[in-house]
Amino acid sequence: MTTRYVEHVMGMPISLALRGRHADDDVAGQAWAKALDVLHTADRMFSTYRTDSYVCRLNRGELTVTDCPPEVAEVLALGEQARCESRGAFDVRRAAGLDPSGVVKGWAVERAAHAFDPLAGTDYCLSAGGDMVCRVAGPNSPAWRIGIEDPHAPDKLVAVVPIRNGAIATSGLHRRGDHITDARTGTTPTALASVTVVHRSLTQADIDATAAFALGPVGLTWLQSRPGRTGLVVLADGTRHIFGDSTREMTSSTSSRGMGRWATK
């Protein structure tokens, strides 16, 4: 049996699925409350909409990074690393001011997920707006099966990915509109329809999916050069490309039901 929990935090739905010994008891409830506290704290620190957040105060010049909690410097360092590695396509520093949103979601959810690690004999899948951290308690636990939406027909799936211990993140415009831009030009890329990255770390999966989308036509080649990444890129014309670890099983799907096997390359 799978028990599900949902709450709205950081401007998006946060959902949790639990299976096993502590799927629906007080221990699970306490872990859920701890995870939500991590996410609420991240929102208070990094929200670009809350006037009292550290990010907004930094943008107004009221503080320096050294005046902030160490988590702020950690997130900005991740953003700077991503800027360098993406050749400037991903950048948390823009003309309009500091906006680390492209780092914070994956980073915060990965931190929040650790609240469930002590739950013995319990599998969990923590999702934030479709980006997920998945864990299973042991070798006999089934993998979590994660569907990837078709960006051209969101009521259908382009693939299903089994994940036992890892994370998955997808970037695209079909849900939130033109919210991703190439920081070098300020324009919204149009070459890719969606990018899904599977990695051991949700922080890295989320950053890489966004950076690859921002890189546009060279995004797939860039991802193929990144070690430890697996995933799926859907081009604007609907063409699909699987990249990464050839041992990872991925199944294609033209709907949420019938599935045919894809071999990864």
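Described below are features of the structure shown in this document. (Residues numbered from 1 in each chain as written. Predicted model: local features only at pLDDT ≥ 70, side-chain atom pairs only at ≥ 80, totals over all residues. Heavy atoms only, no water.)

All right, on to the pattern of salt bridges then. Under the defined criterion, the tally for this structure stands at twelve salt bridges. Across the salt bridge formed by Arg-57 and Glu-62, the nearest N and O atoms sit 3.5 Å from each other. Residue Arg-57 is classed as partly exposed on the basis of its relative accessible area of 29%. You can call Glu-62 partly exposed: its relative accessible area is 44%. Through salt bridges with shared partners, a single network forms among Glu-85, Asp-208, Arg-226 and Arg-229. (Salt bridge = Lys/Arg side-chain N within 4 Å of Asp/Glu carboxyl O. Buried < 20%, exposed > 50% of the residue type's maximum accessible area, 1.4 Å probe, protein only.)

Moving on, we get to the nonpolar core. Side chains that are nonpolar tend, in soluble globular proteins, to be buried together. Of all hydrophobic cores here, the largest spans 64 residues; its most connected members are Leu-18, Leu-39, Phe-46, Phe-116, Leu-126 and Val-195. Beyond its immediate sequence surroundings of up to four residues, Leu-126 is in contact with Ile-14, Ser-15, Leu-16, Trp-32, Val-109, Ala-112, Ala-113, Phe-116, Asp-131, Met-132 and Val-133. (Core = buried A, V, L, I, M, F, W, Y, C linked by side-chain atoms within 4.5 Å. Contact = heavy atoms within 4.5 Å.)

Once that is clear, we can look at the packing of helix α4 (residues 101-113) against helix α5 (residues 202-215). As a packed pair, α4 and α5 sit with axes 7 Å apart at the nearest point and diverge in direction by 160 degrees. Between α4 and α5, the interaxial angle falls into the category roughly antiparallel. Crossing hand, α4 versus α5: right-handed. The segment α4 lies against α5, with Gly-102, Val-103, Lys-105, Gly-106, Trp-107, Val-109 and Glu-110 engaging Leu-202, Thr-203, Asp-206 and Ile-207. Of the residues contributing to the contact of α4 with α5, the split by class is five nonpolar, three polar and three charged. (Axes fitted to C-alpha atoms, helices over the stretch in contact; angles between N-to-C directions. Helix = DSSP H or I, 4+ residues; strand = E, 2+ residues; numbered from the N terminus. Parallel < 35°, antiparallel > 145°, perpendicular 65-115°, else oblique. Left-handed = near helix turned anticlockwise from the far one by under 90°. Nonpolar A, V, L, I, M, F, W, Y, C, P; charged D, E, K, R; others polar.)

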